[in-house]
Amino acid sequence: MIYISDRAGGRDNNFNLLRMIAATSVLVSHAYPLTLGAGYPEPLAWLQQDHIHDNLGRAAVFAFFGISGFFITRSFCNTSSLVRFCRARILRLFPALIAMTVLTAAFLGLIVSTAPASEFLRALPSYFYVNLTLSLPNMLGLTSLRASLLPGVFELPGVFESNPMTAVNGSLWTLPFEILCYALVLVGGLLGFLTRPRIFALGLLALLAAYFTLFHFKPGRSFVPEILLYLAVPFGIGSALWVWRDRVPLSPLLALALAVLPVFATGTILFRPLFCLALIYALFVIGYARLPLVGQYNRVGDYSYGMYIYAFPVQQMVVSWGVDDPLVNMALSLPTTLILAVLSWHLVEKPAMGYVSRDPRAALTPAR
């Protein structure tokens, strides 16, 4: 029997391609509401089990968070430097985010916006603040600035005002919650949870209990905790696969068995966690499968983050041209987004990640 630990030591895996498929799935899913309106159902809309709308795009986000939970936990456990861990997370997310925000603002201001230049320029400080801080100060109650909780729904004057949806970059809503999940790993690692499976199991059970409690009562009052729990579940599943990597086999038969569980839980509060478990486990079976031809994709690079952060504004631009067919939107948006993602990887993301290998002078050793 092959276990996750047998394959998790190196970089011989298929996760770059899986992340790219997930990012492309988000583009495909977004094509429908962007062209036809916010109420139009996206692919796999049947996944919705309560007041939160699951669909193909959300399934792709679950995949991202599950994979991220595994590799972020591995990263923390494999480094003796807290500073280096934080540095790696910052360099992976923010340089490309900054480049995308500046480029889209400049392009939209010069080419797209119908508002007076003075009005557009007055809006830029708030736009940059919300996007480049990912609204974390707002979400945590650290500022009173009147801005959206989610950076993705922040608008710019005269931009996409005739589109069915007017957000500049709706995909960014997941990033602050990803950072909060990183913080959970950081806290759990410093407390020693990640190297003590029994204590980690108690933490995971507490997370699930909080999730079930919140979604059972559906308070609808505190949006941030609700969405954090919504995404912390797949992230926690990925983290659990790392913590119990020595005990979790990579079995296609087990993946098929797990895929059956959500079917029996349809319409219940158990559906989403079981769906996430089945999806994420299947991704790891595929991700660590020995597929030589698929593995060659790793030589290309990891374009998934660039695809994710550039797709929405590109698709909005296509809609502003009068395209009202989701399939046409996909066909026109995908090549442009891919080009931007390739440039982002080679010009911004990969060079930024090169700095991670430099050991910081100050270091803290996490608890074991």
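Predicted, not measured: the structure shown is a model, and the values here were computed from it.

**Student:** I'm lost on the overall build of the chain in this one. Help?
**Tutor:** Secondary structure assignment for the chain yields 14 helices and zero strands. Across the chain, helices and strands are ordered from the amino to the carboxyl terminus as α-α-α-α-α-α-α-α-α-α-α-α-α-α. Within the chain, counting contacts between residues at least 6 apart in sequence, those at least 24 apart form 78% of the total. Looking at the chain as shown, the accessible area adds up to about 17,200 Å², and 67% of this sits on carbon and sulfur atoms.

**Student:** How should I be thinking about the pattern of salt bridges in this particular structure?
**Tutor:** Charged atoms that come close allow side chains of opposite charge to pair. This structure, assessed with the given rule, holds four salt bridges. Linking arginine 290 and aspartate 12 is a salt bridge whose minimum nitrogen-to-oxygen distance equals 2.7 Å. Taken as a pair, arginine 290 in the loop between helix H11 (271–287) and helix H12 (292–295) and aspartate 12 in the loop between helix H1 (4–7) and helix H2 (15–36) lie far apart in primary sequence, 278 residues in all. A single network of salt bridges, built from pairs that share partners, joins Arg19, Arg92, Asp302 and Glu349.

**Student:** Help me understand the packing of aromatic side chains, please; the structure alone is not making it clear to me.
**Tutor:** For any pair of aromatic rings, the description rests on two quantities: the centre-to-centre distance and the angle between the ring planes. Scanning the model with the defined rule gives 21 aromatic pairs in all. Geometrically, the ring pair formed by phenylalanine 70 and tyrosine 288 is edge-to-face, given 6.3 Å between the ring centres and 65° between the ring planes. Within this pair, whereas phenylalanine 70 is found in helix H3 (residues 56–77), its partner tyrosine 288 is found in the loop between H11 and H12, the two being separated by 218 residues in sequence. Exposure class is identical for phenylalanine 70 and tyrosine 288. Each is buried. Ring geometry for tryptophan 173 versus phenylalanine 177: centroids 6.5 Å apart, planes at 65°, classification edge-to-face. No difference in accessibility class separates tryptophan 173 from phenylalanine 177, as the two residues are buried. An aromatic cluster is built from Phe15, Phe70, Phe71, Trp242, Phe284 and Tyr288, whose rings are joined through pairwise contacts. For the cation-ring pair, arginine 89 lies above phenylalanine 85, with the distance from its terminal atom to the ring centre recorded as 5.3 Å.

**Student:** Is there a simple way to think about the confidence of the model for the chain in this case?
**Tutor:** As a general rule, the predicted coordinates of low-pLDDT regions are not to be interpreted in detail. Chain-level pLDDT for the chain is 87 on average; 88% of the residues reach the 70-or-more range. Per-residue pLDDT stays below 50 along residues 142–153; that stretch engages in 36 contacts with residues further than four places along the chain or on separate chains. Contacts of residues 360–368 to residues separated by more than four positions or lying in other chains number 26 contacts, the stretch itself having pLDDT below 50.

**Student:** What should I look at first to understand helix H8 (residues 197–217) in this one?
**Tutor:** Given 3.6 residues to a turn, an α-helix orients residues that are three or four positions apart in the same direction. Compared with the 30 Å implied by 1.5 Å per residue over 21 residues, the 30 Å span of H8 between its first and last C-alpha is a close match. Among the residues making up H8, those that are buried are Phe200, Leu204, Leu207, Tyr211, Leu214 and Phe215. When H8 is viewed along its axis, its buried side chains cluster within an angular range of 95° and face the same direction. Exposed side of H8, more than 90 degrees from the buried face: Arg198, Leu202, Leu205, His216 and Phe217 are the residues found there.

**Student:** It is not clear to me how unusual backbone geometry should be interpreted in this structure. Could you clarify?
**Tutor:** Residue phenylalanine 160 is not a glycine yet carries a positive backbone phi of 60°. With respect to the secondary-structure elements, phenylalanine 160 resides in the loop between helix H6 (136–139) and helix H7 (175–190). Under the relative-accessibility criterion, phenylalanine 160 is labelled buried at 3%.

About the criteria used
Residues numbered from 1 in each chain as written. Predicted model: local features only at pLDDT ≥ 70, side-chain atom pairs only at ≥ 80, totals over all residues. Heavy atoms only, no water. Helix = DSSP H or I, 4+ residues; strand = E, 2+ residues; numbered from the N terminus. Contact = heavy atoms within 4.5 Å. Areas by Shrake-Rupley, 256 points an atom, 1.4 Å probe, with all protein chains shown as cover. Salt bridge = Lys/Arg side-chain N within 4 Å of Asp/Glu carboxyl O. Phe/Tyr/Trp six-rings, centres within 6.5 Å; stacked < 30°, edge-to-face > 60°. Buried < 20%, exposed > 50% of the residue type's maximum accessible area, 1.4 Å probe, protein only. Lys NZ or Arg CZ within 6 Å of the ring centre and 35° of its normal. pLDDT = per-residue confidence, 0-100. Expected span 1.5 Å × (residues − 1). Arc of directions from axis to C-beta.

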